Amino acid sequence: MARVIVVTSGKGGVGKTTTSASFAAGLAQRDFKTVVVDFDVGLRNLDLIMGCERRVVYDFVNVINGEANLNQALIKDKRLNNLYILPASQTRDKEALTHEGVEAVIGELKQRFDYIVCDSPAGIEHGAHIAMYFADDALITTNPEVSSVRDSDRILGLIASRSRRAIHDEEPVQELLVLTRYSPERVERGDMLALDDVLEILGIPLLGVIPESQSVLLASNEGVPVIMNERSDAGSAYGDMVARYLGEDRPHRFLTNERKNLFQRLFKR
């Protein structure tokens, strides 16, 4: 049975699209047939990060409106045989995502894919509500900053009350934390929240900690999900995250300032 995963947050600029692209690519790398769907109508950044912006002819809204079928709108990834992208429209209003239309498209995707990753817009606007409604799992993506964590807590409340599973009194959406742009050095200086503080506030299981890394920006500029750069710290962290989601036991890395710890050990000697 296909699983619908929404990547969401209360605040913009926290790395949702980067996470959506890498998480979907990681599932495809493990031979799961995966589609990543851009719900951010009007902006449409997913196709840029996936490196397929020039191949967009039809989009999500075209399919909803019956102007194209799903085969016409789906874009096959150039690098991974099991990965597809359903881009958003840049020219339509967010209200173009109707509940009935999205339900029909999700239903058709479930017949074709193992995993459907939904890249949600930020906040509590219409597109975000539609994306979270159909979720089986929610990756709550946040930065270790007070405003970002507070807004994510608001999203958790909406998922618990307005998702399809909540409305139909089914098993709750599985909520998992993805903490992005984490810097142990800045935590030590008091410039950002520590992991334990974020966990205490949100109270959901930790799926992954993605370190602050220049490789994320470089990968985005190249149109390649950063998970495909296995030599980068962010890429390997996303790889660990996918493995944990699939049930593997992986220790969390990049939580301490290794350079400083090494210096301290040498100094003590």
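It should be emphasised that the depicted structure is a prediction, and the values quoted were computed from it without experimental measurement.

Attention shifts here to the pairing of strand β1 (residues 3-8). Of all 6 residues making up β1, 5 are buried, and the element is well covered by its neighbours. The pairing of β1 with strand β5 (residues 115-119) spans 5 bridges and is parallel. The residue of β5 that forms the bridge with V6 is C118. Pairing of β1 with strand β6 (residues 137-142) involves 4 bridges; the strand directions are parallel.

Right, let's talk about the packing of helix α6 (residues 126-133) against helix α7 (residues 146-162) for a bit. In the contact formed by α6 and α7, the axes pass within 10 Å of each other and the chain directions differ by 55°. Taken together, the axes of α6 and α7 are oblique relative to one another. Where α6 crosses over α7, the handedness of that crossing is right-handed. Here α6 contributes H129, M132 and Y133 to the contact with α7, which in turn contributes I155, L158, I159 and R162. Across the contact of α6 with α7, the residue classes break down as 5 nonpolar, 1 polar and 1 charged.

On to the environment of T8. Mapped onto the secondary structure, T8 falls in strand β1. Residues T8 and A122, 114 residues apart in the sequence, show an inter-C-alpha distance of 6.7 Å. When near neighbours in sequence (up to four residues on either side) are disregarded, T8 contacts K16, S120, L139, I140, T141, I155 and I159.

This part covers the side chain of S148. Along the chain, S148 falls in helix α7. When near neighbours in sequence (up to four residues on either side) are disregarded, S148 contacts K11, V14, T142 and N143.

For the rest of this paragraph, the subject is the layout of surface pockets. Taken as a whole, the largest pocket spans an internal volume of roughly 430 Å³. Forming the boundary of the largest pocket are 24 residues, of which G13, V14, G15, K16 and R181 lie nearest the centre. Elements that contribute at least two residues to the lining of the largest pocket include exactly α1 (16-29), β7 (174-182), β8 (206-211) and α11 (214-222). Considering every element that reaches the lining of the largest pocket, the biggest residue donor is α1, with 3 residues. Class assignment of the residues belonging to the lining of the largest pocket gives a composition of 9 nonpolar, 10 polar and 5 charged.

Reading the values: the criteria
- Residues numbered from 1 in each chain as written.
- Predicted model: local features only at pLDDT ≥ 70, side-chain atom pairs only at ≥ 80, totals over all residues.
- Heavy atoms only, no water.
- Buried < 20%, exposed > 50% of the residue type's maximum accessible area, 1.4 Å probe, protein only.
- Helix = DSSP H or I, 4+ residues; strand = E, 2+ residues; numbered from the N terminus.
- Pairing = 2+ DSSP bridges.
- Axes fitted to C-alpha atoms, helices over the stretch in contact; angles between N-to-C directions.
- Parallel < 35°, antiparallel > 145°, perpendicular 65-115°, else oblique.
- Left-handed = near helix turned anticlockwise from the far one by under 90°.
- Contact = heavy atoms within 4.5 Å.
- Nonpolar A, V, L, I, M, F, W, Y, C, P; charged D, E, K, R; others polar.
- 1 Å grid on protein atoms, 1.4 Å probe; cavity = no way out; pocket = protein on both sides within 12 Å on 5 of 7 lines; lining within 4 Å.
- Points joined across faces, edges and corners; volume = space filled by probe spheres on them.

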